[in-house]
Amino acid sequence: MEEKYYKSAEVAKICGVSSQTIRNWEENGKIPEVEKNEKGWRFYTESDLLKIKAYFLHKATFKKKQTRIISISNQKGGVAKTTTSINLGAALALAHKKKVLLIDMDMQAHLTCGLGIDPYTLKSTMYEILTERNFDIKKIIRETCVKNLVIAPAHPRMVEATSFLNSKIDRPFYLRNALRGIVESSDYDYIIIDCPPQLDLLFANAMLASTDLIIPIQPESYALDGVASLTRQIIEIKEGPGHDINLLGALITMYKKTNLHQVIIEETQRYFGYKCFKTIIPSNIVIAEASTLKKPVIMHQKRSKGSQAYLALAKEVLNG
Ligand SMILES: Nc1ncnc2c1ncn2[C@@H]1O[C@H](COP(=O)(O)OP(=O)(O)OP(=O)(O)O)[C@@H](O)[C@H]1O
Ligand SMILES: [Mg+2]
């Protein structure tokens, strides 16, 4: 397939700045130098355009560093991504009075259902955010049973969002664009994104919108299998679109006092070094019960081991 080239004016229009601004960024080394023809006109490839857009959005979105946007991600299924999103969010909101927005980026909509919301009853969800440019995210945000904790719900229709995004040049930037307004006005202290168990375009959107990443690890056999490809994706995002995402830490979840779990914990700590949370989330029936009751564990049994672990995790995140 022939590569598509963009002229300066086209790139400037896409980014909403002047051609001179683009030239200044290039001269100041903020974006890579591009090819010029014999007349000295600049021609940008699709990859140049992605890098420029990433720089522009990074400048615009993260000017004020107040809102931390934390993705909870691991492509391995069932490792407690959703459970951690709900309970970390609730611990930050209830114990520390932080304003928290949860974003459900998984078409399974477990986070949404886990807070007692039926996605089929909703008029608009993350599906609209991912398929309609400039759809206002405030229109989909809903209250939860926890004060200061709100949610941008998912819908199973998000399965179609991936093929829609595939046809868009700025496909990995839809979520980041959607968050720009609420980040600039510092509406939330924390935004927590529950990622899908795939390294797909929804995952890429989450990564490019995030400032931080938590990787939950369930200490079973092959626990670290997918971590290498996840790490590779993060490196590609850093080197490709040039977005810097900070690994807050690997988080051991569903820990049981067995020799196997101990061995895998040690292996995980060796792999991640100091980027491993001190808090270990135990396997705790109260956490599972709370999820069937569609509420965070702190609202169910505050004194349970599960609650205490998520409260300790919230403290580490606050200090991290
Ligand atoms: N600490 C825990 N103790 C006991 N059960 C837990 C704990 N954490 C999570 N679970 C249970 O494990 C199951 C999987 O958790 P969860 O849905 O959070 O995983 P996930 O990584 O989001 O899965 P998916 O990859 O499908 O999105 C759920 O039934 C949940 O209630
Ligand atoms: Mg999940």
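Calculation notes
Residues numbered from 1 in each chain as written. Chains lettered and ligands numbered in written order. Predicted model: local features only at pLDDT ≥ 70, side-chain atom pairs only at ≥ 80, totals over all residues. Axes fitted to C-alpha atoms, helices over the stretch in contact; angles between N-to-C directions. Helix = DSSP H or I, 4+ residues; strand = E, 2+ residues; numbered from the N terminus. Parallel < 35°, antiparallel > 145°, perpendicular 65-115°, else oblique. Contact = placed C-beta atoms within 7 Å. Nonpolar A, V, L, I, M, F, W, Y, C, P; charged D, E, K, R; others polar. Expected span 1.5 Å × (residues − 1). Pairing = 2+ DSSP bridges. Buried ≥ 20, exposed ≤ 12 C-beta atoms within 10 Å, placed from the backbone. Near = placed C-beta within 6 Å. Domains from an automatic or database assignment. Core = buried A, V, L, I, M, F, W, Y, C linked by C-beta atoms within 7 Å.

Enquirer: Any chance you could break down the packing of helix α4 (residues 81-96) against helix α14 (residues 305-319) for me, citing the residues and the numbers?
Expert: In a pair of packed helices, the angle between the axes and the distance between the axes together describe the arrangement. Closest axis-to-axis distance for the α4/α14 pair is 9 Å, and the angle between their directions is 80 degrees. By the angle between their axes, α4 is roughly perpendicular relative to α14. Across the interface between the two elements, Asn-87, Leu-88, Ala-91, Leu-92, Ala-95 and His-96 from α4 touch Tyr-310, Leu-311, Leu-313, Ala-314, Val-317 and Leu-318 from α14. Across the contact of α4 with α14, the residue classes break down as ten nonpolar, two polar and no charged.

Enquirer: Talk me through helix α11 (residues 259-272); I want residue IDs and the actual numbers.
Expert: For α11, built from 14 residues, the straight-helix expectation of 20 Å at 1.5 Å per residue is met to within 8% by its first-to-last C-alpha distance of 20 Å. With its phi angle positive at about 60 degrees, Gly-273 sits one or two positions after the end of α11.

Enquirer: Can you break down the sheet that holds strand β7 (residues 149-152) residue by residue, with the values?
Expert: Read from one edge to the other, the open sheet built from seven strands follows the order β6-β7-β5-β8-β4-β9-β10, with strand pairing classed as mixed. The open sheet has two free edges, formed respectively by β6 (142-143) and β10 (246-252), since each of these has just one partner strand. Two strands pair when backbone bridges link them, and strand β4 (residues 68-72) and strand β8 (residues 190-194) are joined in this way by five bridges, in the parallel orientation. Bridge assignment links Ile-72 to a residue of β8, and that residue is Asp-194.

Enquirer: Tell me about the sheet that holds strand β1 (residues 5-7), and please be specific about residues and values.
Expert: Pairing in this open sheet of three strands is antiparallel, and the strands run β1-β3-β2 from one edge to the other. Edge strands, defined here as strands with exactly one partner in the open sheet, are β1 and β2 (35-36). In the sheet, β1 pairs with strand β3 (residues 42-45) via three bridges, with the strands oriented antiparallel. Each residue of the ladder has a partner; that of Tyr-6, found in β3, is Tyr-44.

Enquirer: Please set out the pairing of strand β5 (residues 100-104) residue by residue, giving values where relevant.
Expert: Two faces, one strand: in a regular strand the side chains alternate between the faces of the sheet. Of all five residues that make up β5, five are buried, and the element is covered over most of its length. Residues Val-100, Leu-102 and Asp-104 line one face of β5 and the alternating positions Leu-101 and Ile-103 line the opposite face, and both faces are buried. As defined by bridge partners, β5 adjoins β8 across five bridges and the pair is classed as parallel. Paired with Val-100 across the two strands is Tyr-190, which belongs to β8.

Enquirer: An account of the site of ligand 1 is needed here, citing residue identities and associated values.
Expert: Surveying the vicinity of ligand 1 reveals 20 residues, the closest of which are Gly-77, Lys-81, Thr-82, Thr-83 and Pro-197. Broken down by secondary-structure element, the contributors of at least two residues to the shell around ligand 1 are α4 and α12 (285-292). For the shell around ligand 1, the class distribution of residues is seven nonpolar, eleven polar and two charged.

Enquirer: Describe unusual backbone geometry, with residues and values.
Expert: The general pattern is negative phi for most residues beyond glycine and trans for most peptide bonds. Even without being glycine, Ala-109 reaches a positive phi, approximately 55 degrees. Here Ala-109 shows up in the loop between β5 and α5 (110-114). Among the residues examined, Ala-109 registers 24 C-beta atoms within 10 Å and is labelled buried. At Asn-148, a position not held by glycine, the phi torsion is positive, near 70 degrees.

Enquirer: Help me get a handle on the environment of Tyr-222, residues and values and all.
Expert: For Tyr-222, the location among the structural elements is in the loop between β9 (212-217) and α10 (227-239). Considered as a pair, Tyr-222 and Lys-76 are 146 residues apart in the sequence and their alpha carbons are 9.7 Å apart.

Enquirer: Explain the domain arrangement of the protein to me, using residue names and the numbers behind them.
Expert: Parsing the protein into structural domains produces domain 1 (5-58) and domain 2 (64-319). On a C-alpha basis, the centres of domain 1 and domain 2 stand 33 Å from each other.

Enquirer: Tell me about the environment of Glu-3, and please be specific about residues and values.
Expert: Tracing the chain through its elements places Glu-3 in the segment before β1. Between the C-alpha atoms of Glu-3 and Gln-198, which are 195 residues apart in sequence, the distance is 28 Å.

Enquirer: Go over the nonpolar core with me, naming the residues and quoting the values.
Expert: Among the nonpolar cores identified, the biggest contains 91 residues, and Ala-91, Met-126, Ile-193 and Tyr-310 are the most heavily contacted of them. In terms of residue count, helix α9 (residues 201-209) provides more of this core than any other element does, eight residues in total. Beyond its immediate stretch of four places on either side in the chain, Ala-91 contacts Ile-298, Tyr-310, Leu-311, Leu-313 and Ala-314.

Enquirer: Outline the environment of Ile-217, listing residues and values.
Expert: You can see Ile-217 is positioned in strand β9. Ile-217 sits in the buried class, given 26 other C-beta atoms within 10 Å. A sequence separation of 114 residues divides Ile-217 from Ile-103, and the C-alpha atoms of the two residues are 20 Å apart.

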